[in-house]
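# Structural features, examined
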Amino acid sequence: EERPIMASASLLNVVAWFLMIGPLLQSAWVLSRGGRRLVGPHVLLAMLAVCGGLVELLARLFYVGMMNAAQWLARDFNLDDWGGNAEGIGWRVLEMIHVV
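Attention here is on the structure that accompanies the text. (Residues numbered from 1 in each chain as written. Predicted model: local features only at pLDDT ≥ 70, side-chain atom pairs only at ≥ 80, totals over all residues. Heavy atoms only, no water.)

### A few points about the layout of surface pockets
- Space inside the largest pocket adds up to approximately 230 Å³.
- Lining the largest pocket we find Glu-1, Glu-2, Arg-3, Met-6, Met-67, Ala-70, Gln-71, Ala-74, Trp-91, Leu-94, Glu-95 and His-98.
- Elements supplying a minimum of two residues to the lining of the largest pocket: α1 (3-31), α2 (39-76) and α3 (89-99). (1 Å grid on protein atoms, 1.4 Å probe; cavity = no way out; pocket = protein on both sides within 12 Å on 5 of 7 lines; lining within 4 Å. Points joined across faces, edges and corners; volume = space filled by probe spheres on them. Helix = DSSP H or I, 4+ residues; strand = E, 2+ residues; numbered from the N terminus.)

### A closer look at the pattern of salt bridges
- The full count for this structure, using the stated rule, is 2 salt bridges.
- Between Arg-60 and Glu-56 there is a salt bridge whose closest N-O contact spans 2.8 Å. Of the two residues, Arg-60 and Glu-56 both sit in helix α2, 4 residues apart, roughly one turn of that helix.
- Arg-60 sits in the partly exposed class, given a relative accessible area of 25%.
- Ionic pairing is found between Arg-75 and Asp-76, a salt bridge with its closest N-O pair at 3.4 Å.
- A relative accessible area of 46% means that Asp-76 is categorised as partly exposed. (Salt bridge = Lys/Arg side-chain N within 4 Å of Asp/Glu carboxyl O. Buried < 20%, exposed > 50% of the residue type's maximum accessible area, 1.4 Å probe, protein only.)

### Considerations on empty space enclosed by the protein
- Here the structure, examined in full by the defined rule, presents 1 cavity of 30 Å³ or more.
- When its volume is computed, the largest cavity comes out at roughly 60 Å³.
- In this structure, the largest cavity is lined by Arg-3, Met-6, Ala-7, Ser-10, Tyr-63, Val-64, Met-67 and Asn-68.
- Broken down by secondary-structure element, the contributors of at least two residues to the lining of the largest cavity are α1 and α2.
- Tallied by class, the residues present in the lining of the largest cavity amount to 5 nonpolar, 2 polar and 1 charged. (Nonpolar A, V, L, I, M, F, W, Y, C, P; charged D, E, K, R; others polar.)

### A look at the environment of Gly-65
- One can find Gly-65 in helix α2.
- The exposure class assigned to Gly-65 is partly exposed, which follows from its relative accessible area of 36%.
- Considering only alpha carbons, one finds Gly-65 and Trp-29, 36 residues apart in sequence, at a separation of 36 Å.

Rendered as structure tokens:
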């Protein structure tokens, strides 16, 4: 089963983003010469680095949660016979939710 591997890869991607935040903050500090030169753009660089890492963390957590919920729905519910007809509407709905 590939789900644990995909979840681990997503979380490793988040760790990589957070490891990138440190060098970006350090470069903003060094380029601003210790906060004495052009502070505004360097603060913006630091804020973008931190916000980008947090947004990536939230996006990956939402993605992993969505994949777990889709796996649970596919495994524990009868998606072939939703609403009394056997047209596979449950699978279509699950696929639409996954695409969105």
